[in-house]
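As a plain string of letters, each chain reads:
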Amino acid sequence: MAAHTSQSVAKAAGDEIGNTDVARGRSRRTERSADGRTGGRNAGGLRRALATHWYAWAMVAPVVLVLGVIIGWPLVKGVYLSLTNATERNVSRTIGVRHIEATYEFVGLDNYTAVLSDPVFLQRLVWTVLWTVGCVSITFTIGLVLANMLNREFRGRAAYRMALILPWAVPGFVSVFAWRFLFNRDNGILNKVLDGGGIAAIPWLDDPTWAKFSVIAVNVWLGVPFMMVALLGGMQSIPGELYEAAEMDGATAWQRFRHITLPGLRAVSMTVILLSTIWTFNMFPVIFLLTRGGPGDSTEILVTQAFREAFITSPRDFAVSATWGVLILLLLMIFALVYRRSLRKQGEVW
């Protein structure tokens, strides 16, 4: 009996070991086959994506092509020109029936060295940064206040919204010309009002300091509607139950705004601040149409300086203008990367 039992136990143990070896062999074969299928999927993933979603690729292709022609080619051409000494005197041109070939040459980074070592670049950069920070901060503050006011129920709210969005609907150059008339020193409405109150006329566009305040005011007036609409949309996406619960707990209006509204607007705020910064940094129409960079060059920003080099100075220096443009692009790219990294450190996914 004992011998028979020992033989049975040994046989069972042998069968178990054999089954384990078979299972391990199957597992290894399964892993190898899975690895093979994974490699095949990686190799043929793009092919299957193209075959499955060919219509999506077909719809996107024209957009990519147009963007490549409109943005990609001018960008490449601008970078190339910044590495040459191209001016209006040595580029290819046609005079009557005579065609003159281009004679400009490749000069490498000489233009960048010249621009970066020129004190004018630092002056334009400092004022551009001050102009951008001032406009964006004031625009965001006013937009936040107006959005918070319009997020409440009151009579005539739709009319107020339409009135506040109106500056956004008016073409920018029309708004700037209207403000130029308002700022006129002799016949402007603002100085007429001040004169009626016994206050001397203010040289809005003739004094460097007042001209800077004027261009900031006009740009803020143009930018507030976008900021207000974006922040108002963000406020309306915050669940109302949070405010109700906070009010039941005895939270004041300021506490509800600080601990519910502001955190709820974080994602929207980060996006609109980034967009507003980029737009303001390159806001050519307000500066050029209102003051043309004056008086003197006190309100010139980087983008208006690039325009001046290409279309106003004589001889027109296309290479230096392209250099200014590339430097502007690099500055904005650096800002966007730093901004994105700071958001990631704060836990924001962008």
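Our subject is the structure that appears above.
Below is a summary of the structure that appears in this document. (Residues numbered from 1 in each chain as written. Predicted model: local features only at pLDDT ≥ 70, side-chain atom pairs only at ≥ 80, totals over all residues. Heavy atoms only, no water.)

### Some thoughts on the packing of aromatic side chains
A ring pair, where both rings are aromatic, is described by two values, the distance of the centres and the angle of the planes. Across all of its chains, the model carries 16 aromatic pairs by this definition. Judged by centre distance (6.2 Å) and plane angle (55°), the rings of Trp-210 and Phe-213 are tilted. Of this pair, Trp-210 and Phe-213 both sit in helix 8 (residues 208-236), three residues apart, which is roughly one turn of the helix. Its relative accessible area of 33% is what places Trp-210 among the partly exposed residues. On the basis of an interplanar angle of 15° and a centroid distance of 5.0 Å, the ring pair of Phe-284 and Phe-288 is categorised as stacked. Separated by four residues within a single helix, Phe-284 and Phe-288 lie in helix 12 (residues 284-290), roughly one turn from each other. Taking the relative accessible area as the measure of exposure, Phe-284 reaches 22% and is therefore partly exposed. An aromatic cluster is present here, built from Trp-179, Phe-183, Trp-204, Trp-210, Phe-213 and Trp-221 joined pairwise through their rings. The ring of Trp-127 carries the charged tip of Lys-212 above its face, separated from the ring centre by 5.0 Å. (Phe/Tyr/Trp six-rings, centres within 6.5 Å; stacked < 30°, edge-to-face > 60°. Helix = DSSP H or I, 4+ residues; strand = E, 2+ residues; numbered from the N terminus. Buried < 20%, exposed > 50% of the residue type's maximum accessible area, 1.4 Å probe, protein only. Lys NZ or Arg CZ within 6 Å of the ring centre and 35° of its normal.)

### Here we look at the packing of helix 4 (residues 119-150) against helix 14 (residues 318-345)
Where helix 4 meets helix 14, the closest approach of the two axes is 13 Å, and the angle between their N-to-C directions is 45°. By the angle between their directions, the pair helix 4 and helix 14 is classed as oblique. Regarding helix 4 and helix 14, the two cross each other, and that crossing is right-handed. Taking contact as the criterion, the partners of Val-120, Phe-121, Arg-124 and Leu-125 in helix 4 are, on helix 14, Trp-324, Leu-327 and Leu-331. Taken together, the residues of the contact of helix 4 with helix 14 break down into six nonpolar, no polar and one charged. (Axes fitted to C-alpha atoms, helices over the stretch in contact; angles between N-to-C directions. Parallel < 35°, antiparallel > 145°, perpendicular 65-115°, else oblique. Left-handed = near helix turned anticlockwise from the far one by under 90°. Contact = heavy atoms within 4.5 Å. Nonpolar A, V, L, I, M, F, W, Y, C, P; charged D, E, K, R; others polar.)

### Some points on helix 13 (residues 302-311)
The buried fraction of helix 13 amounts to seven of the 10 residues, a majority that puts the element mostly inside the structure. Restricting attention to buried positions, one finds in helix 13 the residues Leu-302, Val-303, Thr-304, Gln-305, Ala-306, Glu-309 and Ala-310. Those residues of helix 13 that are buried are in contact with helix 4, helix 11 (266-281), helix 12 and helix 14.

### Some details on the pattern of salt bridges
All chains considered together, the criterion is met by four salt bridges. In this structure, Asp-297 engages Arg-124 in a salt bridge whose closest nitrogen and oxygen atoms are separated by 2.9 Å. Taken as a pair, Asp-297 in the loop between helix 12 and helix 13 and Arg-124 in helix 4 lie far apart in primary sequence, 173 residues in all. With a closest N to O distance of 4.0 Å, Arg-185 and Asp-206 form a salt bridge. Remark: Asp-206 occurs in the loop between helix 7 (189-196) and helix 8 and Arg-185 occurs in the loop between helix 6 (172-182) and helix 7; sequence separation between them is 21 residues. A relative accessible area of 41% places Arg-185 in the partly exposed class. (Salt bridge = Lys/Arg side-chain N within 4 Å of Asp/Glu carboxyl O.)

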